[in-house]
Amino acid sequence: YRPTMRELQSPSLAPNPLRAGQGLELRWAGPALRRPAALEIFDLAGRRVAAAPLEGGGSTWRARFAPTATAGWASGVYFARPTDGRAAARLVVLR
């Protein structure tokens with residue numbers, strides 16, 4: 001299997017950088033994901049700090065994190081990755 005350039009595109013996270021306590025939304029354009037799929041957020045140590053279901057269909061998927069979900073995140077770099085193992089996106093969190 002060789003992924004296409006479109007499959008290698010990283011998700012788009014907004015806002016980025018994120019202030020802890022803000023809501024976070026991901027948009028990812030790519031081929032259909034295997035269901036059930038979720039978006040996981042990992043810190044630099046590889047610990048999963050949050051997860052949210054991916055909503056949508058076709059080639060556009062969204063995951064939303066409420067402000068209460070991000071309020072406890074420390075400043076630093078995180079990575080967002082769909083559970084099917086596709087491309088990850090870098091997220092910067094500020095306090």
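Since the model is a prediction, treat every value here as computed from it, not as a measurement.

About the thresholds
- Residues numbered from 1 in each chain as written.
- Predicted model: local features only at pLDDT ≥ 70, side-chain atom pairs only at ≥ 80, totals over all residues.
- Heavy atoms only, no water.
- Buried < 20%, exposed > 50% of the residue type's maximum accessible area, 1.4 Å probe, protein only.
- Helix = DSSP H or I, 4+ residues; strand = E, 2+ residues; numbered from the N terminus.
- Pairing = 2+ DSSP bridges.
- Salt bridge = Lys/Arg side-chain N within 4 Å of Asp/Glu carboxyl O.
- Polar contact = N/O pair within 3.5 Å; in protein donor to acceptor, adjacent residues only side chain to side chain.
- Contact = heavy atoms within 4.5 Å.

A. Expanded view of the pairing of strand 9 (residues 89-94). Burial along strand 9 is one-sided: Ala89, Leu91 and Val93 are buried, and none of Arg90, Val92 and Leu94, which face the opposite way, are. Pairing of strand 8 (residues 76-82) with strand 9 involves 5 bridges; the strand directions are antiparallel. Within strand 9, the position partnered with valine 77 by the bridge is valine 92. Taken together, strand 8 and the strand that follows it, strand 9, pair antiparallel across an intervening segment of 6 residues, in which glycine 85 is found at a positive phi of about 85 degrees.

B. Examining the pattern of salt bridges more closely. Overall, the coordinates contain 4 salt bridges when judged by the stated rule. For arginine 81, the salt bridge is made with glutamate 40, and the minimal N-O distance between the two is 3.5 Å. One end of the pair, arginine 81, is in strand 8; the other, glutamate 40, is in strand 4 (residues 38-43), with 41 residues separating them in the sequence. A relative accessible area of 28% means that arginine 81 is categorised as partly exposed. Between aspartate 43 and arginine 47 there is a salt bridge, with the nearest N and O atoms lying 2.9 Å from each other.

C. Structural detail: the sheet that holds strand 5 (residues 48-53). A sheet is described by the order of its strands in space; here 5 strands give the open sequence 2-9-8-4-5, paired in mixed fashion. The open sheet is flanked by strand 2 (18-19) and strand 5, the only strands paired with a single partner.

D. Main features of the side chain of glutamate 40. A relative accessible area of 13% means that glutamate 40 is categorised as buried. Looking at glutamate 40, its side chain comes within polar contact range of the side chain of arginine 48, at 3.0 Å. In this structure, glutamate 40 is in contact with Arg48, Ala50, Ala51, Phe79, Ala80, Arg81 and Thr83, ignoring residues within four places of it in sequence.

E. Quick look at the pairing of strand 8. The sheet contact formed by strand 4 and strand 8 spans 5 bridges and is antiparallel. Looking at the pairing, isoleucine 41 lines up with alanine 80 of strand 8.

Purely geometric stuff here, so don't read any function into it on its own.
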